[in-house]
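# Summary of structural features
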Amino acid sequence: MFQNKSKLIVIILLFFCFSLKAADFRPAPPELYAHSAILFDVNSGFLLFEKNADDVIPPASMTKLMTMHIVFNAIREGRLSLDQYIPISAEASFKSSPPRSSLMFIEEGQIVTLFELMKGLAIPSGNDAAVAVAEAVAGSVPAFISMMNREARRMGLEQTFFDDASGFSAYNKTTAREFARFCFFYIQENPEAIPLFHSFREFTYPLSHNIPEGSTSALGPIGQFSNNILLGRVEGVDGLKTGFIYASGFNIALTAERDGRRLLAVLMGGPRRNGAALRARDGEALLSYGFDNYTTFYPQLPELSRNRVYKGRAKNVELTVMVPAITLPNADVDAITWEIEWGAPLVAPFPAGTEAGMIRLLDKENSLIFSRSIVTAIEVERGSFFRRFFDSIALFFKRIFAS
């Protein structure tokens, strides 16, 4: 649950604990039109590319990802469900939206489910849908915006601020790095979001069931396409959200999965002229760079032979290490080496998970990629009197020889 703050902290730490390593020996990166960009491997959390990633830029309609995230929170808390009908107020009607808004084209009094509104947020990027879900979750748009900013603070997004629920305002702000952190969390905690909402290329509204009996729609069924033109065009692309206002330029939070490996990119501040095409070009180039030049894998551990136990019922104990996924340039995958440092002798009794030493993974330049504790797999209880007696003698001589 999102209420579990410790889980949030662990997820974010796992995401960023290796974020400087892969960049130390990366292949030549692509030239991008976007002012700001960042690329991560989601499976390992490794940073693969960054450009002006800490510059503050309005997120534009990428804001709607936080709006959807707050809705998912409400669903998990049992306050809403995707199949329930959401009242459409006059304020939520497309007729009340500012000029040049992207719209779902909902109207006051129409019969609309939360599921349809979420699709209207994700695909045509409806500012009107953002107002409708904000009112459904929090009772008012200002109250909903407060929830968005509290969630951003809880996530540790210090440079991120929301002024509305749609992204239309130029006073919304974030950075590519912080928004990537949010997107990572969004993907991990809302795995249903991509197949349900973000992977679709087109959306039509309203349909006949959305029109109350005896009423008509002002515009009739309107088919719209996602502004993420990489969907269906570039292998594995299945989300997440585009954005554009004049104050920000062309933005995109982009993700793709190939052979079980997922990359996440955020590009912001793309040029206005031919912006949609250049945004797609940048996104495709960045994904190709990550997929073609890097490999993500779980490194194979060396044999952990030291398992002697003193003064215990068992003479030996199995050792284990939690090894994370890592991402390296293709040419460096076979150049990694392990370094093991053993600690003090294992003396019973001790619980499972007792540290026996440290293991470090080094790159081809002997720089640290990560380190992990070597721990005991099981608990070992105190042994018999004779076992303790003879092992005490063995330990005595072991310490003498060690000194």
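Look up a bit, the structure's there.
One structure accompanies this document, and this report is about it. Values in this document were obtained by computation on a predicted structure and should not be read as measured data. (Residues numbered from 1 in each chain as written. Predicted model: local features only at pLDDT ≥ 70, side-chain atom pairs only at ≥ 80, totals over all residues. Heavy atoms only, no water.)

## Let's talk about the sheet that holds strand β7 (residues 237-245)
Inclusion rule: The criterion for strand pairing is that DSSP finds at least two bridges linking the strands in question. Every helix listed is a DSSP run of H or I at least four residues long, and every strand listed is a run of E at least two residues long, numbered separately from the N terminus. For helices, the axis comes from a line fit to the C-alpha atoms of the stretch in contact; other axes are also lines fit to C-alpha atoms, and the angle between any two N-to-C directions lies between 0 and 180 degrees. The contact rule is simple, with two residues in contact once any of their heavy atoms fall within 4.5 Å.
A sheet is described by the order of its strands in space; here 5 strands give the open sequence β2-β1-β9-β8-β7, paired in antiparallel fashion. The open sheet terminates on both sides in strands that have one partner only, identified here as β2 (47-51) and β7. The mean inter-strand angle of the sheet, taken between neighbouring strand axes irrespective of direction, is 5°. With 8 bridges connecting them, strand β8 (residues 249-258) and strand β9 (residues 261-270) associate as antiparallel partners. Its bridge partner being in β9, Thr 255 is matched across the sheet by Leu 264. Of the strands in this sheet, β1 (36-41), β2, β7, β8 and β9 are in contact with helix α6 (residues 176-189), which crosses β9 at around 145°. Sheet strands in contact with helix α8 (residues 275-293) are β1, β2, β7, β8 and β9, and its direction is about 35° off that of β8.

## Points about the environment of Arg 360
Where we set the bar: Pairing of N or O atoms within 3.5 Å defines a polar contact, subject to two protein rules: one partner must be a possible hydrogen donor and the other a possible acceptor, and residues neighboring in sequence count only if both atoms are side-chain atoms.
Within the secondary structure, Arg 360 sits in strand β16 (residues 355-362). Sequence separation between Arg 360 and Ala 325 is 35 residues, and the spatial gap between their C-alpha atoms is 14 Å. With near-sequence residues (within four places) excluded, Arg 360 lies in contact with Thr 337, Trp 338, Glu 339, Glu 341, Leu 368, Phe 370 and Ser 371. Side chain to side chain, Arg 360 and Glu 341 meet in a polar contact 2.9 Å long.

## Quick word on the sheet that holds strand β12 (residues 319-320)
Read across the open sheet, the 4 strands follow the order β12-β17-β16-β14; overall the sheet is antiparallel. The strands lining the two open edges of the sheet, one partner per strand, are β12 and β14 (337-342).

## Focus: helix α5 (residues 141-154)
Spelled out, the test is: In this analysis, the expected span of each helix is defined as 1.5 Å times one less than the number of residues it contains. Burial classification: accessible surface area is computed with a 1.4 Å probe over protein chains only, and a residue below 20% of its type maximum counts as buried, one above 50% as exposed, and the rest as partly exposed.
With 14 residues, α5 extends 20 Å from end C-alpha to end C-alpha; this agrees with the ideal 20 Å at 1.5 Å per step. Three or more residues of α5 are buried, namely Phe 144, Ile 145, Met 147, Met 148, Asn 149, Glu 151 and Ala 152. If you follow the buried residues of α5, they end up packed against α2 (63-76) and α4 (127-138). Capping of α5 at its N-terminal end is provided by Ser 140; its side-chain oxygen lies 3.2 Å from the backbone amide nitrogen of Ala 143. In the segment just after α5, Gly 156 is the residue with positive phi, at about 80°.

## Here we look at the pattern of salt bridges
Our working definition: In the sections that follow, a salt bridge refers to a side-chain nitrogen of Lys or Arg positioned within 4 Å of a carboxyl oxygen of Asp or Glu.
Counted according to the given criterion, the structure contains 15 salt bridges. When the shortest N-O distance is used, the salt bridge between Asp 282 and Arg 281 registers 3.1 Å. A relative accessible area of 36% places Arg 281 in the partly exposed class. Across the salt bridge formed by Glu 381 and Arg 313, the nearest N and O atoms sit 3.1 Å from each other. One end of the pair, Glu 381, is in the loop between β17 (368-376) and α9 (385-402); the other, Arg 313, is in the loop between β11 (309-310) and β12, with 68 residues separating them in the sequence. Taking the relative accessible area as the measure of exposure, Glu 381 reaches 39% and is therefore partly exposed. For Arg 313, a relative accessible area of 64% gives the class exposed. If you follow the salt bridges from partner to partner, you end up with Glu 50, Asp 54 and Arg 177 in one network.

## Quick word on the packing of aromatic side chains
Defined as follows: Aromatic rings from Phe, Tyr and Trp, taking only the six-membered ring of Trp, are treated as a pair when their centres fall within 6.5 Å; an angle between ring planes under 30 degrees marks them as stacked, one over 60 as edge-to-face, and anything in between as tilted. Two limits define a charge over a ring: the Lys NZ or Arg CZ must be within 6 Å of the ring centre, and within 35 degrees of the ring normal.
Scanning the model with the defined rule gives 16 aromatic pairs in all. Measuring from centroid to centroid gives 6.3 Å for Phe 385 and Phe 389, while their planes differ by 20°, and the two rings are stacked. Of this pair, Phe 385 and Phe 389 both sit in helix α9, 4 residues apart, which is roughly one turn of that helix. When its relative accessible area of 53% is taken as the criterion, Phe 385 is described as exposed. With a relative accessible area of 42%, Phe 389 lands in the partly exposed category. Taking 5.3 Å as the distance between ring centres and 80° as the angle between the ring planes, the aromatic pair formed by Phe 396 and Phe 397 counts as edge-to-face. A relative accessible area of 46% places Phe 396 in the partly exposed class. Aromatic rings pair up to connect Phe 72, Phe 115, Phe 179, Phe 182, Tyr 186 and Phe 197 into one cluster. In this structure, Lys 119 is placed above the aromatic ring of Phe 200, and the distance from its NZ or CZ to the ring centre is 4.3 Å. The ring centre of Tyr 310 lies 4.2 Å from the NZ or CZ of Arg 308, which sits over that ring.

Take it as geometry only, folks, not as evidence of what the structure does.
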